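Letter by letter, the chains look like this.
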Amino acid sequence: MMLRNAAGRRAVASAAAAVSLALALTACSGTTKDSEESGSAKAGSSAKADPDAPLKKGLKLAFLPKQINNPYEKLIDEAGIAAAKEYGGTGKEVGPSDASASSQVSYINTLIQQRQDAILVAANDPNAVCGPLKQAMKKDIKVVAYDSDTAKDCRQLFINQAGSEEIGRSLVQHLGEQIGYKGKVAILSATQNATNQNTWIEYMKQELKLPKYKDMELVKVAYGDDADQKSFQQTQGLMQAYPDLKGIISPTTVGIAAAARYLSDSSYKGKVVLNGLGTPNQMRKYIKNGTLEQFSLWNPEELGYLGSYAAAALASGQITGAEGEKFKAGKLGEYTIGKDGEVILGEPTVFDAKNIDSFDF
Ligand code: RAM
């Protein structure tokens, strides 16, 4: 995986194949199969896009993260709210304190009653939020999924942090290299229903099927539910069950920080390789004390900023969510909507002892 550069921020249409597989993996029965059909299911998107329409003033945006006490989600939402101020709108963050499947439903219903212009949601379950989100779209409230997608007919856009296939495969590639492609490995994930983690894990499993990983065995996928204590305990449980474990991939910022904390104070420190997705500010001390060598992420603040501008472009009629439409995301520049309404922020960055001090989020 390459370090991200400015060019890498543009939406990547070539990720289309990966995207369709990811969506196939997460789609519910009844999810529309082609963009024409899903377009018709999106109430309020029948109007034609007017690329020259100015961003409307006074737009009201609501961010609904997986859970409000997740520092990663907070970074996204605060940046999205700040971006709304740039174009004369307002934003707020509301949401549950746990990331369980149906925890977001009542919040969506309230946001509909409040007549928000757009709801941005990091879905805890691809389907549980669908009913209320479809109601929102019927009332011409724009729906933008970010971080963790809904089924594709339940939103107009999905703002993805990076290509899902790249994220999943690269984590296995990095770990494989670190452990010499040999030994037992485990995954410490978030919740069992999380669309983003489940999509990444499917790609991890595909990568592991390649011949070079024949001596690596995935022994368990554990779930810490994006709760710090549960993730800590799950790591402890993994080490008790598989004392000869060679590596753990935790594709969640909550999980990797808790796993690092456990390993850091245990006899496994330096013996088990930990990799995954984390924020530099949470992981810095574990890089410095030698608990892990590297991890990856994108810039969550840019994800929030991009989501905010995308929602404003939808609510202003600049775009409808159709493939090929373009919009400007303030200082990040122009993005193009890919297949199935997906917009990709860019490429992930790999953080290690050499570069971690250049990042502050
Ligand atoms: C956690 C959440 C989020 C995911 C990051 C990497 O904060 O599960 O959805 O994108 O990790």
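These notes cover the structure that comes with them.

The rules behind these values
- Residues numbered from 1 in each chain as written.
- Predicted model: local features only at pLDDT ≥ 70, side-chain atom pairs only at ≥ 80, totals over all residues.
- Heavy atoms only, no water.
- Core = buried A, V, L, I, M, F, W, Y, C linked by side-chain atoms within 4.5 Å.
- Buried < 20%, exposed > 50% of the residue type's maximum accessible area, 1.4 Å probe, protein only.
- Helix = DSSP H or I, 4+ residues; strand = E, 2+ residues; numbered from the N terminus.
- Domains from an automatic or database assignment.
- Contact = heavy atoms within 4.5 Å.
- Near = heavy atom within 4 Å.
- Polar contact = N/O pair within 3.5 Å; in protein donor to acceptor, adjacent residues only side chain to side chain.
- Areas by Shrake-Rupley, 256 points an atom, 1.4 Å probe, with all protein chains shown as cover.
- Nonpolar A, V, L, I, M, F, W, Y, C, P; charged D, E, K, R; others polar.
- Axes fitted to C-alpha atoms, helices over the stretch in contact; angles between N-to-C directions.
- Parallel < 35°, antiparallel > 145°, perpendicular 65-115°, else oblique.
- Left-handed = near helix turned anticlockwise from the far one by under 90°.

1. Some points on the nonpolar core
Now for step 1: The biggest cluster of nonpolar side chains holds 80 residues, and the ones touching the most others in it are Leu157, Ile159, Trp298, Leu306 and Phe327.
Now for step 2: Looking at this core, the element that brings in the most residues is helix H11 (residues 300–315), giving 10 residues.
Now for step 3: Two domains each provide a minimum of three residues to this core, namely domain 1 (6–161 + 299–346) and domain 2 (164–297).
Now for step 4: Residues in contact with Trp298, not counting those within four places in the same chain, are Tyr72, Gln161, Ala162, Ile167, Trp200, Leu277, Leu345, Pro348 and Phe361.
Now for step 5: One finds Ala123, Ala136, Met137 and Ile141 within the second-largest nonpolar core, a separate group that totals 14 residues.

2. Some thoughts on the site of the ligand
Now for step 1: The immediate surroundings of the ligand are formed by 13 residues, with Lys66, Asp147, Gln197, Asp226 and Thr253 found nearest.
Now for step 2: Asp147 has a polar side-chain atom sitting 2.5 Å from an oxygen atom of the ligand.
Now for step 3: Contacts to the ligand include Gln161, whose side-chain N or O atom sits 3.4 Å from an oxygen atom.
Now for step 4: Here the ligand has 300 Å² of accessible area as a free molecule, and 100% of this is covered by the chains.
Now for step 5: In terms of residue count, the dominant contributor to the shell around the ligand is helix H7 (residues 195–208) (3 residues).
Now for step 6: Class assignment of the residues belonging to the shell around the ligand gives a composition of 3 nonpolar, 6 polar and 4 charged.
Now for step 7: Counting contributing residues, the shell around the ligand receives three or more from each of domain 1 (6–161 + 299–346) and domain 2 (164–297).

3. Some points on the packing of helix H9 (residues 253–264) against helix H10 (residues 280–288)
Now for step 1: At a minimum axis distance of 10 Å, the contact between H9 and H10 shows a crossing angle of 25°. On the basis of their axis angle, the class for H9 and H10 is roughly parallel. Seen along the crossing, H9 lies across H10 with a hand that is left-handed. Between H9, through Thr253, Ile256, Ala257, Ala260, Arg261 and Ser264, and H10, the contact on the second element is made entirely by Gln282, Met283 and Tyr286.
Now for step 2: Grouping the amino acids of the contact of H9 with H10 by side-chain chemistry returns 5 nonpolar, 3 polar and 1 charged.

It is worth stressing that arrangement in space is one thing and function is another; only the former is reported here.
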